[in-house]
Number of protein chains: 2
Amino acid sequence: MKEYVLNDLDDEQIGRLCKRPGMDFASVLDQVRPIIRAVRDDGDAAVKKFTRMYDGVETEPLFIEPDKIPVHLADEERHALDTAMRNVQRFHMEQARGELQVETMPGITCRRVMRPIENVGLYIPGGSAPLPSTAVMLGVPAAAAGCKTIIFATPPDKNGQVPPSIAYVAQKTGAAGILKAGGAQAVAAMAYGTESVPPADKIFGPGNQYVTAAKMFLQNSDAMVSIDLPAGPSEVLVIAGGNADPDFIAADLLSQAEHGADSQVVLVTLPGFDLDQLRESLKSQTRDLSRADIVRSALDHSFTVTAENITDALAFSNKYAPEHLILNLDNAESLIGSIRHAGSVFLGACTPESLGDYASGTNHTLPTYGYARMYSGVSLDSFQKSITFQKATEAGLQTLGPVVEKLADMEGLDAHRQAVSVRLKKIRGRPDSETGK
Amino acid sequence: MKEYVLNDLDDEQIGRLCKRPGMDFASVLDQVRPIIRAVRDDGDAAVKKFTRMYDGVETEPLFIEPDKIPVHLADEERHALDTAMRNVQRFHMEQARGELQVETMPGITCRRVMRPIENVGLYIPGGSAPLPSTAVMLGVPAAAAGCKTIIFATPPDKNGQVPPSIAYVAQKTGAAGILKAGGAQAVAAMAYGTESVPPADKIFGPGNQYVTAAKMFLQNSDAMVSIDLPAGPSEVLVIAGGNADPDFIAADLLSQAEHGADSQVVLVTLPGFDLDQLRESLKSQTRDLSRADIVRSALDHSFTVTAENITDALAFSNKYAPEHLILNLDNAESLIGSIRHAGSVFLGACTPESLGDYASGTNHTLPTYGYARMYSGVSLDSFQKSITFQKATEAGLQTLGPVVEKLADMEGLDAHRQAVSVRLKKIRGRPDSETGK
């Protein structure tokens, strides 16, 4: 990790540190475009072809009901998944919103109701190992929101099967089916629908650059689909207080670094923090990791910044807008009000990022790459949309109508005015015109 | 308007009626791409060049503080804008959410707080007439959400000036500045920022196909910007009860039709509705309209569907997923629960769409083109994002830690497990280990 002193840096240097590595989006898009077109035009056959080509497996059937998959899991594994699902369920259910009703002026009532997005496609990355935690983070809120058709897509294992942990979560969340495919071909199949896969209204989930590029391409396409949020490489920013335990800090940095060589790991230290001990601990803890090579390569482009005080440290963090922010500080809770941009925040020495990654109850699908400035992580809201309603009584129309007529005039929209005028004329023309109803 | 009988149509025919006209997105994108690149690279000079080229006006200054614009408005106009702003403010303020805090299990607390998106760019279309109502619908919620830097962009009038009604709303909503430009060049200037325009984190607002294409292109670009929602031609679906007044229905259809020749206007009638009288009323009301040609051309590709009962009518409406839905029915309010997809709904004979377009309090920036299936209209939420927080006590970590260790094992992520293990080891190794805190 490179080491900087915050006070020695000028604004331009700080800006450069906060900038994530450039993504060559255009070239990835060029690669996924033909895959998307082929899936749109040839459906299942194209998905199977690309799965054979990229994953080296035959998938039959391509799309399977979760209940048809025999699930062999140890009791401890089941219990761990159940606990994670219960906590995520609890936190997300509390996000539900009742009907809102406001009388904005006498006789004019406005309402808002929430409705589930009916058909959702959840992408669960595979690769080196299945990621049942992503199935939990997307499947549980989708079910809580009342989505009608929940589809999972995940790369099959080398025997062409769905990993049991993912099948288990799919069963528990009432998913209608699992598409055994990954990459851009899986995303395209959910967006357009195929002979066996029903089309989704919205597509969720993290993935590699091909998955992300496919999602971004499709949200601007004739597929008429929306996406959760753009996803880049995962990242953490840790603020270590003077008395923070270097072993804890090292473990947190490493748990982010093991996600991939492109993971972003940033440490901001306050006066008194033992940086020497941290270096030692990083070295010794890395030795035991199965992904030590990935970790070392992620740490190579990571950095440490020494700050003079918490105000400067938070200013840097807000500028960076990290996906994950760990505040390993005694007074972490008192700083909530100062956090302006972050995906999810971990407060105090006993709250490693892993808790939120798996089971605290918050969602781990979060904005990366600085997108925390304008995107929220996935929440119950992500699986719903709102519809507004309004109703005017005759009296309400008589009060608000002339205002609307004037505004329509100002915009030169005659028919908009007329829609009010024809009504007012009839109301006023009636001898028994109500005024109070 | 073409006329159909719902019961005579098969699913495929219904599907075709619900489909919007195809958009040739690729060719529009090809046109806006060079504009966006020029603005990114050359800033103000490029914006001025395109404004000269497309709008035929010189703009100096390009970016102006609202307070520096003298506003001449009649008292009635001011009052109308004030009333609209107050109603929109009331309904949107009620959408604010407090901090959510949930103890998902003993010792594990999850929270969610809302934060404003700090820099927002609001596009206010111009063209034949200024649209202060869009300034109200975007400026008022932006201010209510606490956005720090609110920028308006709107095409200048033929003297290169900002229309006074828009300047007035900008002043009242505390906007930092108004960019006197329209089209893709205005959107690009807000996305990347220029010498005079500060960059926005999120861009809002309806516009023509160039504006929409620019927004969609930019949300997938290095500009790091998000957008409110994709916008297509405006549309209404009216359900007319048997005793609905044909003059009211005609006025509502016309007020949608006058938006543009590409407006979508759909009428679903219930038994008893006087379709002959409607045809008459459409003809006679159209005669008085200044935009009669636009209206006739919009009506040419519009249609009427006769339904046998309200259940069928609502099923058709949910399939169509209209931006605006007018329920001109006696029991409109009792049907709220049956509306699954729509942008905004107008209940009863006294609630023409114009009320919501201007001043009832709901937002008029709504999903078109069938996007109501997965997008909400603009709301207070659109100007905010959420950040989640979690905190484990030592006792909480001891309960949840083993679950997280197991899940990390299942995913083969050693360092994720280790971040818990190093902490549990130290807690357990301490003779005075707390268990209750």
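Analysis parameters
Residues numbered from 1 in each chain as written. Chains lettered and ligands numbered in written order. Predicted model: local features only at pLDDT ≥ 70, side-chain atom pairs only at ≥ 80, totals over all residues. Heavy atoms only, no water. Pairing = 2+ DSSP bridges. Helix = DSSP H or I, 4+ residues; strand = E, 2+ residues; numbered from the N terminus. Contact = heavy atoms within 4.5 Å. Buried area = accessible area lost by both parts, 1.4 Å probe. Salt bridge = Lys/Arg side-chain N within 4 Å of Asp/Glu carboxyl O. Expected span 1.5 Å × (residues − 1). Buried < 20%, exposed > 50% of the residue type's maximum accessible area, 1.4 Å probe, protein only. Core = buried A, V, L, I, M, F, W, Y, C linked by side-chain atoms within 4.5 Å. 1 Å grid on protein atoms, 1.4 Å probe; cavity = no way out; pocket = protein on both sides within 12 Å on 5 of 7 lines; lining within 4 Å. Points joined across faces, edges and corners; volume = space filled by probe spheres on them. Nonpolar A, V, L, I, M, F, W, Y, C, P; charged D, E, K, R; others polar. Axes fitted to C-alpha atoms, helices over the stretch in contact; angles between N-to-C directions. Parallel < 35°, antiparallel > 145°, perpendicular 65-115°, else oblique. Left-handed = near helix turned anticlockwise from the far one by under 90°. Least-squares fit on C-alpha atoms with pLDDT ≥ 70 in both. Phe/Tyr/Trp six-rings, centres within 6.5 Å; stacked < 30°, edge-to-face > 60°. Lys NZ or Arg CZ within 6 Å of the ring centre and 35° of its normal. Right-handed = clockwise from strand over helix to strand, strands pointing away. pLDDT = per-residue confidence, 0-100.

## Thoughts on the sheet that holds strand β2 (residues 63-64) of chain A
1) Next: Taken in spatial order, the 6 strands make up an open sheet running β2-β7-β6-β5-β8-β9 (chain A), and their pairing is mixed. Looking at strand neighbours, the two that pair on one side only are β2 and β9 (226-227) of chain A, the edges of this open sheet.

## Thoughts on the interface of chain B and chain A
1) Next: Chain B puts 126 residues into the contact, and the matching count from chain A is 126 residues.
2) Next: Both faces combined, the contact of chain B with chain A buries some 11,500 Å², and carbon together with sulfur accounts for 58% of it.
3) Next: Together, B:Tyr358, B:Gln390 and B:Arg423 form the three largest contributors to the area buried by chain B at its contact with chain A, with a combined 7%.
4) Next: Joining chain B to chain A, the criterion identifies 17 salt bridges.

## Quick look at helix α5 (residues 132-145) of chain B
Residue and element names in this part refer to chain B.
1) Next: Taking 1.5 Å per residue, 14 residues should reach 20 Å; α5 reaches 20 Å between its end C-alpha atoms and fits that length.
2) Next: With 12 of 14 residues buried, α5 lies mostly within the body of the structure.
3) Next: Listed in full, the buried residues belonging to α5 are Pro132, Ser133, Thr134, Ala135, Val136, Met137, Leu138, Gly139, Val140, Pro141, Ala142 and Ala145.

## Comments concerning helix α7 (residues 183-192) of chain A
1) Next: Most of α7(A) is tucked away, with 10 of its 10 residues classed as buried.
2) Next: Immediately downstream of α7(A), the backbone of A:Gly193 shows phi near 75°, a positive value.

## Overview of the nonpolar core
1) Next: One finds A:Leu122, A:Phe152, B:Leu122 and B:Phe152 to be the most contacted residues of the largest nonpolar core, which totals 118 residues.
2) Next: Every residue in contact with A:Leu122, bar those within four places of it in the chain, is listed here: A:Leu138, A:Gly139, A:Ala142, A:Ile150, A:Ile151, A:Phe152, A:Ala153, A:Met190, A:Phe204 and A:Phe383.

## Remarks on empty space enclosed by the protein
1) Next: This structure, assessed with the given rule, holds 4 cavities of 30 Å³ or more.
2) Next: Counted as a void, the largest cavity has a volume near 940 Å³.
3) Next: As for the largest cavity, its lining consists of 43 residues, and the residues nearest its centre are A:Lys202, A:Asp228, B:Lys202, B:Asp228 and B:Asp381.
4) Next: Put simply, the parts of the chain that give the lining of the largest cavity at least two residues each are β4 (108-116), β9 and β15 (384-392) of chain A together with β4 (108-116), β9 (226-227) and β15 (384-392) of chain B.
5) Next: Class assignment of the residues belonging to the lining of the largest cavity gives a composition of 15 nonpolar, 16 polar and 12 charged.
6) Next: Of the pockets and cavities examined, the second largest cavity occupies roughly 70 Å³.
7) Next: Forming the boundary of the second largest cavity are A:Phe91, A:His92, A:Gln95, A:Gly343, A:Asn363, A:Leu366, A:Gly377, A:Val378, A:Ser379, B:Arg112, B:Ser386 and B:Thr388.

## Notes on the packing of helix α4 (residues 75-93) of chain A against helix α14 (residues 394-410) of chain B
1) Next: One way to put it is that α4(A) packs onto α14(B) with a least axis distance of 9 Å and a crossing angle of 115°. With respect to their mutual orientation, α4(A) and α14(B) come out roughly perpendicular. Like other packed secondary-structure pairs, α4(A) and α14(B) cross with a definite hand, here left-handed. Counted together, A:Glu76, A:Glu77, A:His79, A:Ala80, A:Leu81, A:Thr83, A:Ala84 and A:Asn87 of α4(A) and B:Leu400, B:Val403, B:Lys406, B:Leu407 and B:Met410 of α14(B) form the full contact between these two elements.

## Examining the relation of the copies chain B and chain A
1) Next: Turning chain B through 180° and shifting it by 0.0 Å along the axis lays it on chain A, with an RMSD of 0.0 Å. The superposition of one copy onto the other is thereby described by a two-fold rotation axis. When C-alpha positions in chain B are compared against the rotation axis, the closest is assigned to B:Asn220, at 4.5 Å.
2) Next: A symmetric contact is evident, with 100% of the interface residues of chain B recurring at the interface of chain A.

## Some remarks on the packing of aromatic side chains
1) Next: According to the stated counting rule, one finds 12 aromatic pairs over all chains in the structure shown.
2) Next: Seen in terms of ring centroids, B:Tyr371 and B:Tyr375 are 5.4 Å apart; in terms of plane orientation they differ by 80°. Their pairing is edge-to-face.
3) Next: Here the aromatic residues A:Tyr4, A:Phe303 and A:Phe316 are joined through ring pairs into a cluster of three or more.
4) Next: In this structure, A:Lys49 is placed above the aromatic ring of A:Phe50, and the distance from its NZ or CZ to the ring centre is 4.8 Å.
5) Next: In this structure, B:Arg20 is placed above the aromatic ring of B:Tyr320, and the distance from its NZ or CZ to the ring centre is 3.6 Å.

## A few points about the pairing of strand β6 (residues 149-153) of chain B
All names here are of chain B.
1) Next: Among the 5 residues in β6, 4 count as buried, and that is most of the element.
2) Next: You can see the chain leave strand β5 (residues 119-123), run along α5 and come back into β6, and the turn it takes is right-handed.
3) Next: Sheet topology places β6 next to strand β7 (residues 177-179); 3 bridges connect them, and they run parallel. Across the sheet, isoleucine 151 pairs through a bridge with glycine 177, a residue of β7.
4) Next: In terms of handedness, the path from β6 via helix α6 (residues 164-172) over to β7 forms a crossover that is right-handed.

## Points about the confidence of the model for chain A
Parts of the prediction with low pLDDT should not have their coordinates interpreted in detail.
1) Next: Mean pLDDT over chain A stands at 95; residues scoring 70 or higher make up 99%.
2) Next: Scoring the predicted complex yields pTM 0.96 and, for the interface, ipTM 0.96.

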